[in-house]
Amino acid sequence: LHAMMSWDRPILTDSGGYQIFSLNELAKIDDAGVEFASHIDGARIALDAEGATQIQNRLGADIIMCLDQCTSFPVGAEELKTAVDRTIGWAERCKNAHGNPDQQLFAIVQGAVDLEMRSYCARELVKLDFDGYAIGGLGVGERHENMMRTVAHTTALLPEDKPRYLMGVGTPTDIIAAVGAGIDLFDCVLPTRNGRNAFAFTASGPLRLRNNVHTRATGPIEAGCDCYCCRNFSRGAIRHFFNTSEMLGPILLSIHNLGFYQRLMARIREKLKTGEFSAWAREELENHY
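Residues numbered from 1 in each chain as written. Predicted model: local features only at pLDDT ≥ 70, side-chain atom pairs only at ≥ 80, totals over all residues. Heavy atoms only, no water.

Mind showing me how you'd approach the pattern of salt bridges here?
Where side chains of opposite charge bring their charged atoms close, a pairing between them can arise. According to the stated counting rule, one finds nine salt bridges in the structure shown. Note that E35 and R44 form a salt bridge whose closest N and O atoms lie 3.0 Å from each other. (Salt bridge = Lys/Arg side-chain N within 4 Å of Asp/Glu carboxyl O.)

The structure is reproduced here in structure tokens:
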């Protein structure tokens, strides 16, 4: 992957667990693994814990994930217990199948917003001693307050000397609050997905570039931003690109949003180092998000 992407920095690959969830209508799941029906031609595709691990071993990512079963929100108690037990069993099989010592293997804690299930899953996975631990199954409609309650509870159960990773999250609000709960690592599609849909993140709040107010705007997306988009293009130009289906619009806005998130994360690291994070985070959450 590093050579193919011409990227000499860390890469993380996921196991396919979220795709089991998102393609649920096309999948048949049991303790052995999952069988998909291709959305293209209906061909059957089988995936199990060992296969998901070995594929990632060959891809050569720096961090790889155990196969897990994510549940929808809300979810019944029996279905949730089955998914959590399955996630634990698959994690043990993934660890046994892991064959590339240069990669770190992370387990994924499931349990929806049920704190008892989260405790059970975290406890069993920690016993297996992974290189890091992720919190999965959030950001699926449970609302920010439920998410943060679950994150705070679960993070406290995971080893402090190993990376703690919140999967698929999130907004600036989610990230700042989750760092306060002890999360170290995030991934999310928002910067690029929202960029492709004319939504720009800024320090003073979001901008929706299709709105008429930007038609003749000559200023950048965000004053003071040094990204390629803001240094070279006006809001009016970017709005025009979107409204004429010019692919440059989504590209430029994705570049800007990635720059915004990089600055946000750099600011968080700075505030953590100086011991000012808690006060800064409280002010940011109150004033901007």
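How should I be thinking about the sheet that holds strand β6 (residues 104-109) in this particular structure?
The strands making up a sheet associate through backbone hydrogen bonding, with each pair oriented either parallel or antiparallel. If you trace the six strands from one edge of the open sheet to the other, you get β1-β5-β6-β7-β8-β9, paired in parallel fashion. Because the sheet does not close on itself, it has two edges, and the strands there are β1 (12-13) and β9 (185-186). Here strand β8 (residues 164-166) runs beside β9; their pairing, made up of two bridges, is parallel. Within β9, the residue paired with L166 across the bridge is F186. Across the sheet, helix α6 (residues 144-155) is in contact with β6, β7 (132-135) and β8; its angle to β7 comes to roughly 160°. (Pairing = 2+ DSSP bridges. Helix = DSSP H or I, 4+ residues; strand = E, 2+ residues; numbered from the N terminus. Contact = heavy atoms within 4.5 Å. Axes fitted to C-alpha atoms, helices over the stretch in contact; angles between N-to-C directions.)

Would you explain the nonpolar core in this entry?
One finds L125, F130, L166 and I268 to be the most contacted residues of the largest nonpolar core, which totals 54 residues. Residue contributions to this core peak at six residues, all from helix α4 (residues 77-97). When neighbours within four sequence positions are excluded, F130 is seen to be in contact with C66, A91, K95, L105, F106, A107, L125 and K162. One finds C225, C229, L252 and L253 within the second-largest nonpolar core, a separate group that totals 13 residues. (Core = buried A, V, L, I, M, F, W, Y, C linked by side-chain atoms within 4.5 Å. Buried < 20%, exposed > 50% of the residue type's maximum accessible area, 1.4 Å probe, protein only.)

It is not clear to me how the pairing of β7 should be interpreted in this structure. Could you clarify?
Note on strand geometry: in a regular strand, side chains alternate between the two faces of the sheet. Residues G132 and A134 point to one face of β7 and Y133 and I135 to the other, with burial holding for every one of them. The pairing of β6 with β7 spans four bridges and is parallel. Counted as the bridge partner of I108 is A134 from β7. Chirality of the crossover, the property in question, places the unit of β6, helix α5 (residues 115-127) and β7 among those that are right-handed. Where β7 and β8 come together, three bridges link them in parallel fashion. Bridging across to β8, I135 finds its partner in L166. With respect to chirality, the unit in which β7 leads through α6 into the neighbouring parallel β8 is right-handed. (Right-handed = clockwise from strand over helix to strand, strands pointing away.)

How do you make sense of the sheet that holds strand β4 (residues 44-47) when you look at a structure like this?
Within the open sheet, the three strands sit side by side as β2-β3-β4. Their pairing is antiparallel. Whereas interior strands pair on both sides, the edge strands pair on one side only; in this sheet they are β2 (27-30) and β4. Each strand of the sheet is rotated relative to its neighbour by a mean of 15°, with strand direction disregarded. In this structure, strand β3 (residues 33-37) lies alongside β4, joined through four bridges in antiparallel fashion. Across the sheet, residue F36 finds its bridge partner in β4, namely I45.

What is the right way to look at the state of the cysteines in this model?
Here a disulfide denotes a covalent bond joining the sulfur atom of one cysteine to the sulfur atom of another. Counted under the stated rule, the structure contains zero disulfides. In this model C121 remains outside any disulfide bridge; the closest cysteine sulfur is found in C66, 10 Å from its own. Taking relative accessible area as the criterion, C121 reaches 0% and is therefore assigned buried. Here C229 is not cross-linked by a disulfide; its sulfur's nearest cysteine counterpart is in C227, at 4.8 Å. (Disulfide = S-S within 2.5 Å.)

Would you take a moment to explain helix α7 (residues 172-181) for this structure?
One turn of the α-helix equals 3.6 residues, which is why residues spaced by three or four share an orientation. Buried residues dominate α7, accounting for eight of its 10 residues. The set of residues buried in α7 consists of P172, T173, D174, I175, I176, A177, A178 and V179. Those residues of α7 hidden inside the fold are in contact with α6, β8, β9, α11 (248-274) and α12 (277-287).

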